[in-house]
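As a plain string of letters, each chain reads:
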Amino acid sequence: MIKNWSRRFSENAVNYEGYPIGKTLELLASNPNLISLAGGLPSPDVFQKAEVRLATKRSLEGSRIDSVMQYSSIPGEKALFDAVINYLKRDKINIKEENLLITTSGQHGLDLAGRLFLNQGDLVMLDRPTFAGAIVAFDLNRPKYIGVDIEDDGSNVKGFRKKLEAIKKKGGKMPKFIYVVPDFQNPTGISMSVEKREAMLDLSYEYDIPVIEDSPYKDLRYYGKIPPSIFSIDQKKYKGTNVIGLYTFSKIFCPGMRVGFNIGPAEVIKKMCNIKEGNILNTPKYNQDICAAYLSEMDIEKHFDNCRKYYKEKLKLFLGEMEKNFPKSSGVSWTKPEGGLFLWVTVPEHIDTEKLFYEAVEKYNVAFVPGWQFYGGKPANNHMRLNFSYSSKEQLVEAVKRLAKCIKDHK
Ligand SMILES: Cc1ncc(COP(=O)(O)O)c(C=O)c1O
């Protein structure tokens, strides 16, 4: 009988711990009195349930069921390809089929990017903090991270430039890519200004480094006008190919479908498709059918308007409760996002939010994600991510009260 399995694990896997948020969320599932602001769940209140029931029925009707029950085309189904290509025109993105790969959600898109570009020890440039799931996906390939603190208007592009200049001066290896979430970044809710999107591209061309633009929240803007994606600016300004776009329907439609897509230069997409052949092969045909119907037959603008109205109310309420419960004297501050699902809270430096998390869950029945999980490289320990999309309004009010008491009582 084999006793020591870990000795046999690959070098990439042996110290790989996976997703810390997953373990955090597991801990919460067993407590019914707990209000969790930890997950990143959209609200079922805005799910298009009747439409999905109808699309399901149609997708399974007559002989259509034969293809639903079969393997699907590996890059993705034609109907979804057409619908996605059309959907991207809203952002003035024009792509051909060779520039598109259907993925089995955003996390799969990130995994493909990590596997495609990263060798052990390669550098990835990113914001501090950034999406924990991206770090988890990239970590499997054992890269190193160069992070720069994010600013109120998005990535610190000048800070990125300084780091690149320093590497160049020393004759070091350049990062393989820059990873950013320009719209309502997870975890901070911060959006990148148009000027910075342009500056990011300039940097990409100057140093010959691709940008990976992860874009799950773009349509969930509750205030102001939706800015062009970096991908779109690249096409317009540089007729370019420096950006790889990662998208998912999880936040704007429903996460249960696990469907998303990657866009980029044909050569990159072809290779990602080769990797998909090895790691997942198909994205379920049935799920693709529903997503194609969502994009092409359901009224997505109406759906987005509905989501925006719904989440805006929650965001407004939540920010109001934060204001009420955390006076200046508390030393607590937070971001004021214009969309998305999260805000980012900074507590006084002496508070370690990992420790606070256990107090919050065990004594106060409220949960958040400790901020350290969102750093590639050395973490900061006095932050937390709060989600405002999933809990009911009553729960949001109560959760902020509980959190304020927990922080106040913390020794
Ligand atoms: C920035 C970002 N990228 C990707 C994902 C992964 O999305 P999915 O749930 O479709 O795998 C998320 C999910 O929270 C996210 O916030």
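Scroll up a little and you will see the structure.
Computed from a predicted model, the values in this text were never measured in an experiment. (Residues numbered from 1 in each chain as written. Predicted model: local features only at pLDDT ≥ 70, side-chain atom pairs only at ≥ 80, totals over all residues.)

> What am I meant to see in the overall build of the protein here?
Counting its regular elements, the protein contains 15 helices and 13 strands. Summarising its shape, the C-alpha atoms of the protein cover approximately 60 × 60 × 60 Å along the three principal directions. Going through the 411 residues of the protein one by one, you find that 46% of them count as buried. By sequence separation, contacts in the protein at least 24 residues apart represent 77% of the contacts at least 6 residues apart. (Helix = DSSP H or I, 4+ residues; strand = E, 2+ residues; numbered from the N terminus. Buried ≥ 20, exposed ≤ 12 C-beta atoms within 10 Å, placed from the backbone. Contact = placed C-beta atoms within 7 Å.)

> Sorry if this is basic, but what is going on with helix H13 (residues 300-325) here?
Along an α-helix, residues three or four positions apart point the same way, because every turn accommodates 3.6 residues. Between its first and last C-alpha atoms H13 spans 37 Å; for 26 residues at 1.5 Å apiece the expected length is 38 Å, and the two agree. Where H13 is concerned, the buried positions are Cys-307, Tyr-311, Lys-314, Leu-315, Phe-318, Glu-321 and Met-322. The elements touched by buried residues of H13 are strand S9 (333-334) and helix H15 (393-409). (Expected span 1.5 Å × (residues − 1).)

> Looking at this model, I keep getting lost on the site of the ligand. Mind explaining?
Around the ligand sit 14 residues, and of these Gly-106, Gln-107, Asn-186, Thr-248 and Ser-250 come closest. The residue makeup of the shell around the ligand, split by class, is four nonpolar, nine polar and one charged. (Near = placed C-beta within 6 Å. Nonpolar A, V, L, I, M, F, W, Y, C, P; charged D, E, K, R; others polar.)

> Would you mind going over the packing of H13 against H15 with me for this structure?
Pairs of packed helices are described in terms of their axes, by the angle between the two and the distance that separates them. Close contact between H13 and H15 brings their axes to 10 Å; oriented N to C, the two are set at 25°. What the angle tells us is that H13 and H15 run roughly parallel. Crossing of H13 against H15: the hand is right-handed. Of the residues in H15, those touching H13 at Lys-314, Leu-317, Phe-318, Glu-321, Met-322 and Asn-325 are Lys-393, Leu-396, Val-397, Val-400, Lys-401 and Ala-404. (Axes fitted to C-alpha atoms, helices over the stretch in contact; angles between N-to-C directions. Parallel < 35°, antiparallel > 145°, perpendicular 65-115°, else oblique. Left-handed = near helix turned anticlockwise from the far one by under 90°.)

> Looking at this model, I keep getting lost on the packing of helix H14 (residues 353-364) against H15. Mind explaining?
H15 packs onto H14 with a crossing angle of 120° between their chain directions and a minimal axis gap of 10 Å. Between H14 and H15, the angle falls in the class oblique. Crossing angle aside, the handedness with which H14 passes H15 is right-handed. Here Leu-356, Glu-359, Ala-360 and Tyr-364 of H14 lie close against H15, whose contacting residues are Arg-402, Leu-403, Lys-405 and Cys-406. Considered class by class, the residues forming the contact of H14 with H15 number five nonpolar, no polar and three charged.

> Would you take a moment to explain the sheet that holds S9 for this structure?
Whether parallel or antiparallel, the strands of a sheet pair through hydrogen bonds between backbone atoms. If you trace the four strands from one edge of the open sheet to the other, you get S9-S10-S13-S12, paired in antiparallel fashion. Both edges of this open sheet fall to S9 and strand S12 (369-370), since each of them pairs with a single strand only. In this sheet, strand S13 (residues 383-387) lies alongside strand S10 (residues 342-346) in antiparallel orientation, the contact comprising five bridges. Bridge pairing in S13 links Trp-344 to Arg-385. (Pairing = 2+ DSSP bridges.)

> Help me understand the sheet that holds strand S8 (residues 260-263) in this model?
Taken together, seven strands build an open sheet; the order of strands is S2-S8-S7-S6-S5-S3-S4 and the sheet is mixed. Among the strands making up the open sheet, the edge pair consists of strand S2 (100-103) and strand S4 (144-149). Neighbouring strand axes in the sheet, compared pairwise and without regard to direction, differ in orientation by 20° on average. Packing of helix H6 (residues 106-117) onto the sheet brings it into contact with S2, strand S5 (177-180), strand S6 (211-214), strand S7 (243-248) and S8, and relative to S7 it is tilted by some 150°.

> Whenever I open this one, the pairing of S10 confuses me. Can you help?
A regular strand places its side chains on the two faces of the sheet in alternate fashion. Of all five residues in S10, four are buried, a share of seventy percent or more. As paired strands, S9 and S10 are joined by two bridges and run antiparallel to one another. When the bridges of S10 are listed, Ser-333 appears paired with Thr-346.

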